[in-house]
Amino acid sequence: METTHIGGIARRALVVMLVVGLCLLTVQFAFVFMLIFSAVIVAALIRAAGWPFKKLGASDTLSVFLGLFLILAILGGAGWLFGAQLSEQFTEVGRQLPQAFDRARDMAEQVPFLQSFLSGTPDLQSIAGRALTFAFGAVGAITNLVLVIVAAMYLALEPDLYVRGVEKLFPKSEGERVREALSASGQALNQWLIAQGATMIIVGVLIWAGLSIVGVESAGALGVISGLTNFIPLVGPFIGAAPGVLLALSEGGDALLWTIVVYVVAQQLEGNVLTPMIQKYAVSIPPAVLLFALAALGSMFGFIGVIVAAPLAVVLYVLVTLLWVRDTLGHQAEVEGIDAPPPPDSNAPEADGETQSA
């Protein structure tokens, strides 16, 4: 009897040690988890691109390769059509931005209440330069990019294999629920990526066209920047508008006014027309959740944390809603736009004693 009791204590101690060890490993290898999720995002994009081919009767493997080929063809075609022009425009933007930033800072220093603020503010231009150099210029970044792409292909070719692996980390009785929740979160991620991609393209084209009409130089490059930064919800539009406004500020007068009008009109159309229309077919999560996810992951992982914050928040939102809020706590909860499975014991009487009618 005493031996059994000691064995139970030992097992509990081992479980606690295992949990603590996993938490420590999670902290130490947090960046690796960011790379893993980045691979999941790329795999979801590849499978989304291959979905039309699968609907036409292609096998799962063939549709994945065709989806990858379609993505490469689109990128290659865009590069062939606009690459030379955009390359020159990006070079010009990179040349003019430091000068525009200095002029904007000089103008701000002439405002009395901004003088003390700017004197205690670090050199944002230098910080941005170091951040971009770290993000894009390091050899490690290239290695991580290759790792993400290769891992994404494995994930895209055999997603069920890895889903079953995650399922086996949970008790057998809960395995089916975990698998269904993972499937729902994958569906949510696909829908969010498609919706966000459509929004990015439309906003980029609107900015490109609007700045071209008002006569702003390098309108194509500024449109691409706005489209890409729109992948980051809430704060992305402001980040994307900063280069265009800075360049227009150096010109002053009507150029600045019309540039601001273009950005405001484009973002109003995106926020009040495009997003409500597109998000009907995608998962919508509370803006505060996205904002805190951006703040937390950005402070922890910098550039890559900001990039993956929104899609990671979508996946975690679905998993927490289905597995914790609904299945564990028993609350009535669902995720709009997702074909989620019914909660366990959905036909049982409610906890408050109410009985269902026959």
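Remember, predicted model here, so these are calculated numbers, not experimental data.

## Some thoughts on a nonpolar patch on the surface
On the surface, a cluster of nonpolar side chains totalling about 940 Å² of accessible area is made up of Ile202, Leu206, Ile213, Val214, Leu257, Trp258, Val261, Val265, Leu269, Val273 and Met277. For the nonpolar patch, the elements supplying multiple residues, two or more each, are helix H8 (175–214) and helix H11 (254–279). When residues in the nonpolar patch are grouped by element, the largest group, seven residues, is from H11. Judged by its relative accessible area of 38%, Val273 is partly exposed.

## Description of the UniProt feature "transmembrane region" (unreviewed entry) in the chain
Here, the residues flagged by UniProt with the feature "transmembrane region" (unreviewed entry) are residues 12–42, 62–82, 134–157, 192–214, 221–239, 245–266, 278–297 and 303–325. Taken end to end, residues 245–266 has its terminal C-alpha atoms 14 Å apart, with 91% of it in helix and 0% in strand.

## Considerations on the nonpolar core
Formed by 42 residues in total, the largest nonpolar core has its most connected members in Met34 and Leu193. Take this core: its biggest share by element is 11 residues, from helix H13 (residues 303–328).

## Thoughts on the packing of aromatic side chains
All told, the structure shown has one aromatic pair when counted by the stated rule. Ring centres of Trp192 and Phe231 lie 5.4 Å apart, and the angle between their planes is 80 degrees; this geometry places the pair in the edge-to-face category. Separated by 39 residues along the polypeptide, Trp192 in helix H8 and Phe231 in the loop between helix H9 (219–229) and helix H10 (236–251) bring together distant segments of the chain. As far as burial versus exposure is concerned, Trp192 and Phe231 are alike and both buried.

## Description of the pattern of salt bridges
Counted under the stated rule, the structure contains six salt bridges. In this structure, Arg95 and Glu92 form a salt bridge, with 2.4 Å as the shortest nitrogen-oxygen distance. Pair noted here: Arg95 and Glu92 are both in helix H3 (residues 60–109), with a separation of three residues, about one helical turn. A salt bridge links Arg179 to Asp160; its shortest N-O distance comes to 3.9 Å. A residue pair is termed long-range when its members are at least 10 positions apart, and Arg179 in helix H8 and Asp160 in helix H7 (residues 159–167) qualify at 19 residues. For Asp160, a relative accessible area of 43% corresponds to the partly exposed category.

The rules behind each value
Residues numbered from 1 in each chain as written. Predicted model: local features only at pLDDT ≥ 70, side-chain atom pairs only at ≥ 80, totals over all residues. Heavy atoms only, no water. Patch = residues over 30% accessible without salt bridge, like charges linked within 9 Å, V, L, I, M, F, W, Y side chains within 5 Å. Areas by Shrake-Rupley, 256 points an atom, 1.4 Å probe, with all protein chains shown as cover. Salt bridge = Lys/Arg side-chain N within 4 Å of Asp/Glu carboxyl O. Helix = DSSP H or I, 4+ residues; strand = E, 2+ residues; numbered from the N terminus. Buried < 20%, exposed > 50% of the residue type's maximum accessible area, 1.4 Å probe, protein only. UniProt positions renumbered as here; feature names shortened; annotations may be inferred. Core = buried A, V, L, I, M, F, W, Y, C linked by side-chain atoms within 4.5 Å. Phe/Tyr/Trp six-rings, centres within 6.5 Å; stacked < 30°, edge-to-face > 60°.

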